[in-house]
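Results of the structural survey
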Amino acid sequence: MDQSNKGRVNRDGIRIYDPSDFAGMHKAGALAAHILDEIAPMVQVGVTTEALDAEIERMVNDAGAVSATIGYKGYQHASCISINHVVCHGIPGPKVLKEGDILNIDVTVIVDGWFGDTSRMYVAGKLPRKAERLIEITHASLLKGIEAAKPGNTFGDIGHAIQTFVESQRMSVVRDFCGHGLGQVFHAPPNVLHYGRAGSGPKLEEGMFFTIEPMVNLGRPETKVLADDWTAVTRDRSLSAQFEHSIGITSDGAEIFTLSPAGKFHPTY
């Protein structure tokens, strides 16, 4: 059986998985989260992002899993590492972390055909207060989005919950990138916007699997993609932060597949 055809597709083109499929997503999500736990002690001043990526690739391979990003549309790394004003899709390389740098590390693994996708924030050295508040608001916005993810609500309710909270804190939500459906494929419908009108968009149904991954800027929301065709940065060079969980809709809410086994999802924990 082609496992990418598990479940059924609803009238909005969104795949609805069976209750038995949650176990596979939990296993993949747990590995991705474990890798992000284990990399935390390596995030230090003087370390290069390519060294972090090499360690992540080693952990993926040692676990008998597959990196979803290596070879994806020509990408050649086991993670995306986005520093300071880089919004997402930062490419690991020789850049050395400096005191006070904040960075998002995004990892996706494939375990038994299921995709585990998660990202979180880290800091090299001492966390500057301005960056600390940005990280706190971004993390809180993700939790507000997850809280709105339950049957009967809409995807617009998720985006509205995130946007209204972030903007009440005088920060902005990136509109150029979004969350996505996943399961036994990396990216699938729906697009999960982190802004929007309450009550708009498709209704949430039990069995939907998708990511919520708000990107929040201290400045304006506009981004641009650099010449490498991957790295997205804030146009005004303001700091940006992101947190991402993969979730599944249950009968009364959402299960998070990518919870940190060690409770390290937030760098100030």
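First things first, this report covers the structure right here in the doc. (Residues numbered from 1 in each chain as written. Predicted model: local features only at pLDDT ≥ 70, side-chain atom pairs only at ≥ 80, totals over all residues. Heavy atoms only, no water.)

**A few points about the overall build of the protein**
Just so we agree on the cut-off: For helices the rule is a DSSP run of H or I covering at least 4 residues; for strands it is a run of E covering at least 2, with both sets numbered from the N terminus onward. As defined in this context, the radius of gyration uses C-alpha atoms, and a globule is described by 2.2 Å times the residue total to the power 0.38. Only protein chains enter the accessibility calculation, which uses a 1.4 Å probe; a residue is then buried when its area is under 20% of its type maximum, exposed when over 50%, and partly exposed in between. Should any heavy atoms of two residues lie within 4.5 Å, those residues are considered in contact. Here the open area of atoms and residues is found with the Shrake-Rupley method and a 1.4 Å probe, where only the protein chains shown may cover a residue. By the counting scheme adopted, Arg and Lys are positive, Glu and Asp are negative, and His together with the chain ends is not counted. Think of each charge as sitting on NZ of Lys, CZ of Arg, CG of Asp or CD of Glu.
From N to C terminus, the protein includes four helices and 17 strands. Taken over the C-alpha trace, the protein has a radius of gyration of 17 Å; the compact-globule value for 269 residues is 18 Å, and the two agree within 12%. For the protein, the C-alpha atoms occupy an extent of roughly 50 × 45 × 35 Å along the three principal directions. Among the 269 residues that make up the protein, the fraction classed as buried is 55%. Considering only residue pairs separated by 6 or more positions, the protein has 70% of its internal contacts joining residues 24 or more positions apart. Carbon and sulfur atoms form 51% of the exposed surface of the protein, whose accessible area is close to 11,300 Å². Distance between charge centres in the protein, computed from 25 positive and 32 negative side chains, equals 7 Å.

**Quick word on the packing of aromatic side chains**
This is how the line gets drawn: Pairing of aromatic rings covers Phe, Tyr and the six-membered ring of Trp, with a centre-to-centre limit of 6.5 Å; geometry is then stacked below 30 degrees between planes, edge-to-face above 60, and tilted otherwise.
Considering all chains together, one arrives at eleven aromatic pairs under this definition. Measuring from ring centre to ring centre gives 5.7 Å for F115 and F186, while their planes differ by 20°; the resulting arrangement is stacked. Remark: F186 occurs in the loop between β9 (179-181) and β10 (188-192) and F115 occurs in strand β7 (residues 114-123); sequence separation between them is 71 residues. Take F115 and F186: they sit in the same class, and that class is buried. Note on F243 and F265: the rings are 5.3 Å apart at their centroids and 50° apart in plane angle, and the pair reads as tilted. Of this pair, F243 sits in the loop between β15 (240-242) and β16 (245-249) while F265 sits in the segment after β17 (254-256); the two residues are 22 residues apart in sequence, bridging distant segments of the chain.

**Remarks on the packing of helix α3 (residues 129-147) against helix α4 (residues 155-168)**
Rules: Between N-to-C directions, angles cover 0 to 180 degrees, with each direction set by a line fitted to C-alpha atoms, over the stretch in contact for helices. Orientation categories follow fixed angle ranges, with anything under 35 degrees roughly parallel, anything over 145 roughly antiparallel, 65 to 115 roughly perpendicular, and all other angles oblique. Crossing handedness is defined as follows: a turn of the near helix away from the far one that is anticlockwise and smaller than a right angle gives a left-handed crossing, while the clockwise case is right-handed.
Two elements in contact, α3 and α4, have axes whose closest approach is 8 Å; the angle formed by their N-to-C orientations is 150°. With respect to their mutual orientation, α3 and α4 come out roughly antiparallel. Read as a crossing pair, α3 and α4 show a hand that is right-handed. Counting all contacts with α3, which are made through I137, A140, S141, K144 and G145, the residues of α4 involved are I158, A161, I162, F165 and V166.

**Focus on the sheet that holds strand β13 (residues 223-225)**
Here is the rule we go by: Any two strands between which DSSP finds at least two bridges are classified as paired.
Pairing is antiparallel across the open sheet formed by three strands, whose spatial order is β5-β14-β13. Each end of this open sheet is capped by a strand with a single partner; those strands are β5 (86-88) and β13. Between one strand axis and the next, the sheet turns through 40° on average, direction left out of account.

**So, the side chain of T138**
The cut-off we apply is this: Any pair of nitrogen or oxygen atoms within 3.5 Å is treated as a polar contact; in protein, a donor-acceptor pairing is required on top of that, and neighbouring residues in sequence qualify only through side-chain atoms on both sides.
Counting through the fold element by element, T138 comes out in helix α3. Within polar-contact distance, the side chain of T138 engages the backbone oxygen of L134 at 2.7 Å. Once residues within four sequence positions are removed from consideration, T138 is found in contact with P214, V216, A241, Q242 and F243.

**Some details on helix α1 (residues 22-39)**
What counts here: Helix span, expected: 1.5 Å multiplied by one less than the number of residues in the helix.
End to end, α1 covers 26 Å across 18 residues, agreeing with the expected 26 Å (1.5 Å per residue, within 8%). For α1, every residue scored as buried is listed here: F22, G24, M25, A28, G29, L31, A32, A33, I35, L36, D37 and I39. Against the buried residues of α1 lie α2 (49-62), β6 (102-111), β7, β11 (209-212), β16 and β17.

**Thoughts on the pattern of salt bridges**
Heads up, the condition is: In what follows, salt bridge is the name for a side-chain nitrogen of Lys or Arg lying within 4 Å of a carboxyl oxygen of Asp or Glu.
Throughout the structure, instances matching the rule amount to ten salt bridges. In this structure, R129 engages E132 in a salt bridge whose closest nitrogen and oxygen atoms are separated by 3.3 Å. A residue pair is termed a helical-turn pair when its members lie 3 or 4 positions apart in one helix, as R129 and E132 do in helix α3 at three residues. Relative accessible area serves as the criterion here: at 22%, E132 is assigned to the partly exposed category. Ionic pairing is found between R129 and E136, a salt bridge with its closest N-O pair at 3.8 Å. Counted as one network, the salt bridges with shared partners bring together E55, R58 and D62.

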